[in-house]
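Analysis of the macromolecular model
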Amino acid sequence: TLNNFKHLSGAKGIGFTTFFVSALIIGSFLGMDTKLLKNSFKKFIPLIFISLITGMLVVGTLGYFLNPIKGLGLQEPDITSKRAFLDSIFYIFAPLASGGLTAGIVPLSNAYGSSFDHEVVNTMKSHIFPALLVGGIFSILLSGVIKKLFGQSQLSGSGKLETTHSSPNQQEKKTQKTPDSLNYTQFITGLVSIFTLYIMSVLIKDLLTFIFPTAAKYFPDTIVFIVFVVVLVKLFNLISQYYITCITQASKFITVNFTSALLVILGSTLEISKALVHLQNLKFIITCLVCVLSVALVAGYFGKKLGYYPLEASITAGLCTNS
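Residues numbered from 1 in each chain as written. Predicted model: local features only at pLDDT ≥ 70, side-chain atom pairs only at ≥ 80, totals over all residues. Heavy atoms only, no water.

- Per an unreviewed UniProt entry, the protein chain goes by Malate/citrate transporter and derives from Candidatus Phytoplasma solani.

Right, here's the structure in full:
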């Protein structure tokens, strides 16, 4: 029944959606090349931050004049409007920059409705999903258009991001490939490791809440703590390659086999009538499109300044962060 689906996507404990997102994030980060992750902090991540901050300001300013978010608090007294500027940032920019449906909308809606019951969390999804839908479709279309128009120009690196590349002998050896066949011992070890990292993140959040109780309401969702923990584990090589292999194998199994189930749960708990209010609002759609376009342009411009090809920078640091 619908109530069972809502229970599976609930914010109490580690529900199915939280478990899925945790496995996805932990497996993705630990499966990354360590040198690539370290190098990204030098130029690529700052480029993303510059692009996103610009997009946030553009969306907030445009939202101030257009007031694209309507209907908040009319039928849900627990959800209150923060006025046009902040509403546009919270319900248009944040969903677009949150990381997609599974790793973005799910934890974002839980964070927005963390102080309320499951009904409010599901309502939050209905308010933030339309922005991701509009922005995601436009990002995909725009990336195809600019690649078609500028793919053979000097703005393109033909798939290469940086304008200068290190020589082959300077490149790090490839990380161990995750085996295609399922090893049940490694799979179980990977599951236990994923739960361990999740519990560690929860304990860190609870410890900070205990130490700083007045600031607890400003702490982000547990997923954010998971990201910090996993990045630190990867950067400082705190676990062996064997456990990384186990985790990536378990993560791959979960994401490949349970994505459809997650989409069914999310679709079943989405209140379509509330989502359609935004999708039928021309000002809302315009704000979403301007957000995607501004982030892509800024990423391309500053990407060139940082030694990236503008086309690839625009797609990877701009459009990919808004889809």
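1. Section: the pattern of salt bridges
- For the structure on display, the rule yields one salt bridge.
- Here K43 makes a salt bridge to E162, at a shortest N to O gap of 3.2 Å. Taken together, the residues K43 in the loop between α3 (34–40) and α4 (44–66) and E162 in the loop between α7 (118–150) and α8 (184–211) connect sequence positions 119 residues apart.
- A relative accessible area of 31% means that E162 is categorised as partly exposed. (Salt bridge = Lys/Arg side-chain N within 4 Å of Asp/Glu carboxyl O. Helix = DSSP H or I, 4+ residues; strand = E, 2+ residues; numbered from the N terminus. Buried < 20%, exposed > 50% of the residue type's maximum accessible area, 1.4 Å probe, protein only.)

2. Section: the nonpolar core
- Counting residues in each nonpolar core, the largest one holds 31 residues, and the members touching the most others are I92, F93, I146, F284, C288, A317 and L319.
- Every element with two or more residues in this core is listed here: α4, α5 (83–97), α7, α12 (282–305) and α13 (310–318).
- Ignoring sequence-local partners within four residues, the contact set of I146 consists of G151, L311, S314, I315 and L319. (Core = buried A, V, L, I, M, F, W, Y, C linked by side-chain atoms within 4.5 Å. Contact = heavy atoms within 4.5 Å.)

3. A few points about unusual backbone geometry
- Although it is not a glycine, N67 adopts a positive phi angle of roughly 50°.
- For N67, the location among the structural elements is in the loop between α4 and α5.

4. Re the UniProt feature "transmembrane region" (unreviewed entry) in the protein chain
- Residues annotated by UniProt as "transmembrane region" (unreviewed entry) correspond here to residues 12–32, 44–67, 88–108, 128–146, 182–203, 223–244, 256–276 and 282–302.
- End-to-end, the C-alpha atoms of residues 44–67 are 33 Å apart, and along that stretch the chain is 96% helix and 0% strand.
- Taken end to end, residues 128–146 comprises 100% helix and 0% strand; its first and last C-alpha atoms sit 27 Å apart. (UniProt positions renumbered as here; feature names shortened; annotations may be inferred.)

5. Comments concerning the packing of α5 against α12
- For the pair α5 and α12, interaxial distance at closest approach is 10 Å and the crossing angle is 40°. Relative to α12, α5 is oriented oblique. α12 is crossed by α5, and the crossing has right-handed handedness. Within the contact between the two elements, α5 uses Y91, I92, F93 and L96 and α12 uses F284, T287, C288, C291 and V292.
- A breakdown of the residues in the contact of α5 with α12 according to their chemical character gives eight nonpolar, one polar and no charged. (Axes fitted to C-alpha atoms, helices over the stretch in contact; angles between N-to-C directions. Parallel < 35°, antiparallel > 145°, perpendicular 65-115°, else oblique. Left-handed = near helix turned anticlockwise from the far one by under 90°. Nonpolar A, V, L, I, M, F, W, Y, C, P; charged D, E, K, R; others polar.)

6. Details of the environment of N67
- With a relative accessible area of 34%, N67 lands in the partly exposed category.
- Here the alpha-carbon distance between N67 and K283, two residues 216 residues apart in the chain, equals 7.5 Å.
- What N67 contacts, discounting residues up to four positions off in sequence, is L62 and A84.

7. Points about a nonpolar patch on the surface
- On the surface, a cluster of nonpolar side chains totalling about 830 Å² of accessible area is made up of F49, I53, L57, Y64, F65, F85, L86 and F90.
- Broken down by secondary-structure element, the contributors of at least two residues to the nonpolar patch are α4 and α5.
- Looking at the nonpolar patch element by element, the count peaks at five residues for α4.
- You can see I53 is positioned in helix α4. (Patch = residues over 30% accessible without salt bridge, like charges linked within 9 Å, V, L, I, M, F, W, Y side chains within 5 Å. Areas by Shrake-Rupley, 256 points an atom, 1.4 Å probe, with all protein chains shown as cover.)

8. Here's the deal with the packing of aromatic side chains
- Scanning the entire structure with this criterion turns up seven aromatic pairs.
- Between Y242 and Y243, the ring centres sit 5.4 Å apart and the planes meet at 75°, which makes this aromatic pair edge-to-face.
- Exposure remark for Y242: the relative accessible area of 39% places this residue in the partly exposed category.
- Put simply, the rings of F187, F253 and F258 touch in pairs and so form one group of aromatic residues.
- It is K43 that lies over the ring of Y308; its NZ or CZ is 4.9 Å from the centre. (Phe/Tyr/Trp six-rings, centres within 6.5 Å; stacked < 30°, edge-to-face > 60°. Lys NZ or Arg CZ within 6 Å of the ring centre and 35° of its normal.)

9. A closer look at the side chain of S193
- Residue placement: S193 occurs in helix α8.
- For S193, a relative accessible area of 13% puts it in the buried group.
- Reaching out from S193, the side chain makes a polar contact with the backbone oxygen of T189 at a distance of 2.8 Å.
- Beyond its immediate chain neighbours, meaning those up to four positions away, S193 contacts Y243 and I247. (Polar contact = N/O pair within 3.5 Å; in protein donor to acceptor, adjacent residues only side chain to side chain.)

10. Looking at the state of the cysteines
- If you walk through the whole model with that rule in mind, you get zero disulfides.
- In this model C288 remains outside any disulfide bridge; the closest cysteine sulfur is found in C291, 7.4 Å from its own.
- Here C288 falls in the buried class, since its relative accessible area comes to 0%. (Disulfide = S-S within 2.5 Å.)

11. Details of the packing of α4 against α12
- As a packed pair, α4 and α12 sit with axes 8 Å apart at the nearest point and diverge in direction by 150°. The angle between α4 and α12 places the two elements in the roughly antiparallel class. Considering how the two elements wind past one another, α4 and α12 form a crossing that is right-handed. Taking contact as the criterion, the partners of L47, I50, S51, T54, G55, V58, V59, L62 and L66 in α4 are, on α12, K283, I286, T287, V290, C291, S294, V295, V298, A299, F302 and G303.
- Residues that form the contact of α4 with α12 fall into these classes: 13 nonpolar, six polar and one charged.

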